[in-house]
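Coordinate analysis (summary)
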Amino acid sequence: MINAELSLFDTMTRQLRPFTSIEPNQVGLYACGPTVYDYAHAGNLRTYLFVDILRRTLTLNGYQVNHVMNITDVGHLTSDADSGEDKMEKGSRKQNKSAWEIALYFEDAFLADLAQLNIHTPTTICRATQHIQEQIDFILQLEQKGFTYQTSDGVYFDTNKLADYGQLAKLDKTGLEAGIRVNMAEKKSPTDFALWKLSGEQARQMEWPSPWGVGFPGWHIECSAMAEKYLGEQFDIHVGGEDHIPIHHTNEIAQCQAKNGHVQANYWLHGYFLQLNKEKISKSGTSLRLDALIERGYEPLAYRYLTLTSHYRSHLSFTWQSLESAQTALKRLRNKVCALADSGQIIEEYKTRFIRHINQDLNMPKAIALLWELLDSDFSPADKKATAQFFDQIFGLKIDHLEEVDIPRDVLLLAQQRLEMKQKKKFEEADRLRDQITELGYQVADMGNTFEVHPI
């Protein structure tokens with residue numbers, strides 16, 4: 001029985017709030033997913049590690065979590081000002097493949113990264129290109145309510161029609177980032193944003209007919225439409241990176257308020273950036289792929305350990321030295337745990353303190369410190385091991401695995417595809433993929449919404 005109340009920092013109110021779900025023992029969680037035009041880097045992945053810790057903590061508190069994550073495979077322009085090229089088209093040109101091909105390729109690569117970091121697979125993964133009609137229907141309802149206007153290049157949301165636009169960012173409209181660097185063109189206000197962009201004479205690989213002309217949806221509308229489809233007009237928690245606060249999430253909220261009369265999520269949580277040389281690792285700047293860490297001899301879970309040493313609402317400075325220290329600490333941790341006897345009991349004193357830390361806005365640094373304190377305590381070896389394994393339900397570090405074997409990416413991709421087939425109840429296809437994995441010399445073990453792969 002959990003005896004410490006779960007509290008989370010809500011960006012909307014800028015307060016630590018006790019968590020209460022809409023439905024008893026059920027949580028609807030929407031997480032903004034990747035734009036699949038390139039590989040994810042360590043900065044991107046920190047956000048998904050934070051979301052995984054949140055989900056694990058909710059589960060430990062007795063909630064059944066319906067975790068929905070989108071895949072942005074169209075509509076994310078290179079400029080937040082609704083100008084520039086679609087990132088999928090840009091990625092297509094860079095990779096010399098079709099936009100459809102790179103979307104699937106980089107989605108698989110992203111999911112393989114999640115698997116290597118022991119991040120639970122979302123309950124539902126939804127692609128923007130597979131929900132075009134839902135987005136059109138959403139825009140039509142905004143149009144009927146008088147919140148849109150059309151220009152020569154698309155349909156825009158009229159932010160002047162919404163009195164409290166920008167409440168999440170706590171900024172005046174004139175101070176929003178989008179207003180600072182936007183080219184007004186035919187917009188009525190700098191903060192107005194595209195709901196549907198028209199293709200015009202530009203040749204595009206991804207475009208669809210609509211009541212306003214052939215084109216493609218804006219970035220913000222996809223999340224509003226898909227979150228509503230899978231979680232309803234109102235759900236519990238919406239999460240993303242801190243960069244989503246002033247523009248993407250602000251615009252999501254505006255769309256839902258205009259259509260439904262209320263904000264869609266009761267809690268808004270945001271993970272902070274990873275920094276390199278005291279500068280944010282941006283999508284267009286220095287890129288540290290997970291494979292690059294592995295190639296230098298670092299285990300993916302060493303990076304997971306590193307992220308746990310800093311609170312998700314604090315900027316984390318990345319250095320190779322800090323990653324080296326994290327890997328050393330993880331190996332030492334595993335050696336300590338694996339040397340302990342089995343068949344012990346969870347120590348209630350440490351369980352209570354651990355839950356208090358994680359339920360205080362996911363305080364992982366204190367929880368990690370408690371783990372080391374536990375292992376140096378005078379309790380019986382078996383009880384210490386059982387308690388450490390209990391902690392690892394949240395940490396996800398596989399602390400009772402003495403050696404980690406690097407699993408080839410193609411095997412991980414097959415395992416991820418097998419899990420998706422099982423979730424879709426396509427069991428024959430799942431069995432075929434399992435056989436492929438076996439032929440390559442590995443076996444896959446189901447772990448609820450995720451999996452483990454081991455050499456045979």
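Before going into details, it helps to say that this report is about the structure given with it. Within any chain, residue numbers begin from 1 and follow the written order of that chain's sequence. Given that the model is predicted, a residue must reach a pLDDT of at least 70 before its local features are reported, and side-chain atom pairs must reach 80 or more before they are shown or counted; all residues, however, enter totals for whole chains, interfaces and linings. The basis for every side-chain value is the complete set of non-hydrogen atoms in the structure, without hydrogens or water.

Considering the sheet that holds strand β8 (residues 193-198)
- With antiparallel pairing, four strands are arranged side by side in an open sheet as β6-β7-β8-β9. Across the chains shown, the open sheet's two edge strands, defined by having one partner strand only, are β6 (148-151) and β9 (215-217). Between one strand axis and the next, the sheet turns by 25° as a mean value, whatever way the strands run.
- Of the pairings in the sheet, the one linking β8 to β9 comprises three bridges and is antiparallel in character. Considered in β9, the bridge of W196 is made with P217. We call two strands paired when DSSP finds no fewer than two bridges between them. The helix count covers DSSP runs of H or I at least four residues long, the strand count covers runs of E at least two residues long, and both are numbered beginning at the N terminus. A fitted line through C-alpha atoms serves as each axis, taken over the contacting stretch for helices, and the angle formed by two N-to-C directions is quoted from 0 to 180°.

Describing helix α4 (residues 132-144)
- Working rule for helices: expected span equals 1.5 Å times residues minus one. Here α4 spans 19 Å end to end across 13 residues, near enough to the 18 Å set by a 1.5 Å rise per residue.
- The contact rule is simple, with two residues in contact once any of their heavy atoms fall within 4.5 Å. Against the buried residues of α4 lie β6, β7 (154-157), β8, β9, α6 (219-231) and α7 (248-260).
- G146 lies just past α4 and shows a positive phi near 85°.

Comments concerning α6
- A rise of 1.5 Å per residue sets the reference length of α6, with its 13 residues, at 18 Å; its end C-alpha atoms lie 19 Å apart and thus fit the reference within 8%.
- Each residue is placed in one exposure class: buried if its accessible area under a 1.4 Å probe, protein chains only, is under 20% of its type's maximum, exposed if it is over 50%, and partly exposed if it falls in between. For α6, the tally of buried residues reaches ten of 13 residues, placing the bulk of the element in the interior.
- Inspection of α6 places W219, H220, I221, E222, C223, S224, A225, M226, A227 and L231 among the buried residues, and these make up the whole buried set.

A few points about the side chain of Q264
- Locating Q264 in the fold gives a position in the loop between α7 and β11 (265-271).
- Judged by relative accessible area, Q264 falls into the buried class, the value being 2%.
- Apart from residues no more than four positions distant in its own chain, Q264 is found in contact with S224, E233, Q234, F235, H238, E252, I253 and C256.

Some details on the side chain of E299
- Among the structural elements, E299 can be located in the loop between α8 (290-295) and α9 (300-308).
- A relative accessible area of 13% means that E299 is categorised as buried.
- Polar contacts here mean pairs of N or O atoms no more than 3.5 Å apart (in protein, one a potential hydrogen donor and the other a potential acceptor; neighbouring residues in sequence count only if both atoms are side-chain atoms). Within polar-contact distance, the side chain of E299 engages the side chain of R334 at 2.8 Å.

Side note on the packing of helix α10 (residues 320-338) against helix α12 (residues 364-375)
- At a minimum axis distance of 11 Å, the contact between α10 and α12 shows a crossing angle of 40°. Overall, the two elements α10 and α12 adopt an arrangement that is oblique. Remark: the crossing between α10 and α12 carries left-handed chirality. Across the interface between the two elements, A329, R332, L333, K336 and V337 from α10 touch L371, W372 and L375 from α12.
- In this count, Pro and Cys sit with the nonpolar residues alongside Ala, Val, Leu, Ile, Met, Phe, Trp and Tyr, while Asp, Glu, Lys and Arg are called charged and the others, Gly among them, polar. Class assignment of the residues belonging to the contact of α10 with α12 gives a composition of six nonpolar, no polar and two charged. Convention used here: angles under 35 degrees read as roughly parallel, angles over 145 as roughly antiparallel, angles from 65 to 115 as roughly perpendicular, and any remaining angle as oblique. In a left-handed crossing the near helix is turned counterclockwise from the far helix by less than a right angle, and in a right-handed crossing that turn is clockwise.

Things to note about the packing of aromatic side chains
- Pairing of aromatic rings covers Phe, Tyr and Trp, the last counted by its six-membered ring, and requires centre-to-centre distances within 6.5 Å; plane angles under 30 degrees mean stacked, over 60 mean edge-to-face, and any other angle means tilted. For the coordinates displayed, the defined rule picks out 21 aromatic pairs.
- Arranged with centres 6.3 Å apart and planes meeting at 75°, the rings of W100 and W208 form a pair that is edge-to-face. A residue pair is termed long-range when its members are at least 10 positions apart, and W100 in helix α3 (residues 99-116) and W208 in the loop between β8 and β9 qualify at 108 residues.
- Looking at W100, the relative accessible area reads 39%, which means it is partly exposed.
- Overall, W208 belongs to the buried group, its relative accessible area being 16%.
- Relative to F379, the ring of Y350 lies with its centre 5.9 Å away and its plane at 85°, an arrangement referred to as edge-to-face. Of the two residues, Y350 is situated in helix α11 (residues 348-358) and F379 in the loop between α12 and α13 (381-395); the sequence distance between them amounts to 29 residues.
- Through a chain of ring-to-ring contacts, three or more aromatic side chains come together here, namely F354, F390, F391 and F395.
- Any Lys NZ or Arg CZ found within 6 Å of a ring centre and within 35 degrees of that ring's normal is scored as a charge over the ring. Of note, R204 hangs over the ring of F216, and the distance from its end group to the ring centre comes to 3.6 Å.

Details of the environment of V239
- Mapped onto the fold, V239 is located in strand β10 (residues 235-241).
- The exposure class of V239 is buried, given its relative accessible area of 0%.
- Taking the C-alpha atoms as reference, V239 lies 7.9 Å from G271; in sequence the two are 32 residues apart.
- When near neighbours in sequence (up to four residues on either side) are disregarded, V239 contacts L29, Y30, A31, C32, F50, V51, L54, H249 and L269.

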